[in-house]
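Here are the chains, one letter per residue:
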Amino acid sequence: MAVKITKKIKGYAVLKPEDKAAAPAPAAATPAPAEPPVRQSAEVIQMHEQIERPEVLVGSTYKIKSPLFEHALYVTINDIVLNQGTAHESRRPFEIFINSKNMDHFQWVVAITRIMSAVFRKGGDVTFLVEELKAVFDPRGGYFKAGGVYMPSIVAEIGAVVEDHMKTIGLIVDPELDEHQRALIAEKRAAFEAQSKKNAELSPAADGAASGEAKSDAATFPTGATLCHKCNTQAMVVMDGCQTCLNCGYSKCG
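This text gives an overview of the structure that appears in the document.

Reading guide: rules and limits
Residues numbered from 1 in each chain as written. Predicted model: local features only at pLDDT ≥ 70, side-chain atom pairs only at ≥ 80, totals over all residues. Heavy atoms only, no water. Helix = DSSP H or I, 4+ residues; strand = E, 2+ residues; numbered from the N terminus. Buried < 20%, exposed > 50% of the residue type's maximum accessible area, 1.4 Å probe, protein only. Contact = heavy atoms within 4.5 Å. Areas by Shrake-Rupley, 256 points an atom, 1.4 Å probe, with all protein chains shown as cover. Pairing = 2+ DSSP bridges. 1 Å grid on protein atoms, 1.4 Å probe; cavity = no way out; pocket = protein on both sides within 12 Å on 5 of 7 lines; lining within 4 Å. Points joined across faces, edges and corners; volume = space filled by probe spheres on them. Nonpolar A, V, L, I, M, F, W, Y, C, P; charged D, E, K, R; others polar. Axes fitted to C-alpha atoms, helices over the stretch in contact; angles between N-to-C directions. Salt bridge = Lys/Arg side-chain N within 4 Å of Asp/Glu carboxyl O. Patch = residues over 30% accessible without salt bridge, like charges linked within 9 Å, V, L, I, M, F, W, Y side chains within 5 Å. Phe/Tyr/Trp six-rings, centres within 6.5 Å; stacked < 30°, edge-to-face > 60°. Lys NZ or Arg CZ within 6 Å of the ring centre and 35° of its normal.

Secondary structure summary: the protein chain contains six helices and eight strands in total. What you see in the protein chain, going N to C, is helices and strands ordered as α-β-β-β-α-α-β-β-α-α-α-β-β-β. Put simply, the protein chain has 254 residues, and 30% of those count as buried. Long-range pairs, those at least 24 residues apart, make up 45% of the contacts in the protein chain with a sequence separation of at least 6. Taken as a whole, the protein chain presents about 18100 Å² of accessible surface, with 55% of it coming from carbon and sulfur.

Put into structure tokens, the structure is as follows:
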């Protein structure tokens, strides 16, 4: 094959066949270093209003028997399980229903359940509903539940039910008394019962009433106890000239 030379020749060399065979092969292109694979973190599903309702929800039903109503109220709270089967699994309330034979309060019952269910599905911190409901007072006056816990209204007891449910699923953590506080309350309670028994022995006429005050167990408190403004339990007694709660340990003297 003829090649036309158009430039001036400055030098030349003869390439033999053996030189061509010994010529090093052109270096292969060095492959670019592979980028390390990007580790994808687990996608944590948070509660929000775009989540569709599953076919099956986990629920609990609570019974409310109030002296203000002839028939009991049944409160059902259904939960949705988020991130099921993972380390981020959690239960969140999704909807609430209230049912009763008494239809006199049907309108506000439906209203409160729809509003609360909408707040549940909105996501975020929904524990504020507990304090809002428990702060509702009935102008006719409240009532005492079993165990001496005061409820200012039926709406407040619904809030107490929601609080108990949120504690069960872990949304609300109830701070427990340490061993020293429990020991102090037990000591105060024993001293109060001993004092009541001593007063009963000194006053035979009041023997029956005093013995009733001194009699108590783990679920009840002395008859003469008053309402504690901290835990809403009828467990406040006067010890050493100071009012002390035998349920939560609150004392007006500090």
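Our next topic: the pairing of strand β2 (residues 73–82). Buried residues dominate β2, accounting for seven of its 10 residues. Across seven bridges, strand β1 (residues 58–64) lies against β2 in antiparallel orientation. Residue pairing for β2: Ile 64 is matched across the bridge by Leu 73.

This next bit is on the environment of Pro 93. Structurally, Pro 93 is set in strand β3 (residues 90–99). Residues contacting Pro 93, with those up to four places away along its chain left out, are Ile 77, Asn 78, Asp 79, Phe 120, Val 126, Met 166, Ile 169 and Leu 171.

With that settled, the discussion passes to the layout of surface pockets. In this structure, the largest pocket spans a volume of roughly 770 Å³. Around the largest pocket sit 22 residues that line it, and Glu 163, Lys 167, Asp 174, Cys 231 and Asn 247 are the ones nearest its centre. Going through the elements one at a time, β5 (150–151) and α4 (154–169) are the ones with two or more residues in the lining of the largest pocket. With five residues, α4 is the largest single contributor of residues to the lining of the largest pocket. For the lining of the largest pocket, a count of residues per class yields 10 nonpolar, four polar and eight charged.

Reading across from one edge, β1-β2-β3 is the order of the three strands in this open sheet, with antiparallel pairing throughout. Each edge of the open sheet carries a strand with a single partner, namely β1 and β3. Taken pair by pair, the neighbouring strands of this sheet meet at an average axis angle of 25 degrees, ignoring direction. Where β2 meets β3, nine bridges bridge the pair, whose relative direction is antiparallel. The residue of β3 that forms the bridge with Val 75 is Ile 98. Strand contacts of α4: β1, β2 and β3, with the helix running at about 145 degrees to β1, the strand carrying the most contacts.

Glancing now at the sheet that holds strand β6 (residues 226–227). Reading across the sheet, the three strands line up as β6-β7-β8 and stay open at both edges, with antiparallel pairing between neighbours. Both outer strands of the open sheet, β6 and β8 (242–245), are each paired with one neighbouring strand and no more. Pairing geometry for strand β7 (residues 234–239) and β8, over four bridges, is antiparallel. Paired with Met 236 across the two strands is Cys 245, which belongs to β8.

For the rest of this paragraph, the subject is the pattern of salt bridges. As a working rule, side chains carrying opposite charge can pair if their charged atoms are close by. In this structure the tally under the stated criterion is six salt bridges. The partner of Lys 122 in a salt bridge is Glu 49, and the shortest N-O contact between them spans 3.4 Å. Pair noted here: Lys 122 is in helix α2 (residues 106–122) and Glu 49 is in the loop between α1 (17–22) and β1, with a separation of 73 residues, a long-range link. Here Glu 163 ties to Lys 167 by a salt bridge, and the two come within 3.9 Å at their closest N and O atoms. Within this pair, Glu 163 and its partner Lys 167 are both found in helix α4, separated by four residues, close to a single helical turn. In this structure Glu 163 comes out as buried when scored by relative accessible area, which is 14%. Judged by its relative accessible area of 29%, Lys 167 is partly exposed.

Residues Ile 5, Ile 9, Tyr 12 and Val 14 make up a contiguous nonpolar surface patch of roughly 540 Å² in combined accessible area. Mapped onto the elements, Ile 5 comes out in the segment before α1.

Another aspect to go through is the packing of aromatic side chains. A full pass over the atoms with the stated rule returns one aromatic pair. The ring of Phe 94 carries the charged tip of Arg 121 above its face, separated from the ring centre by 5.6 Å.

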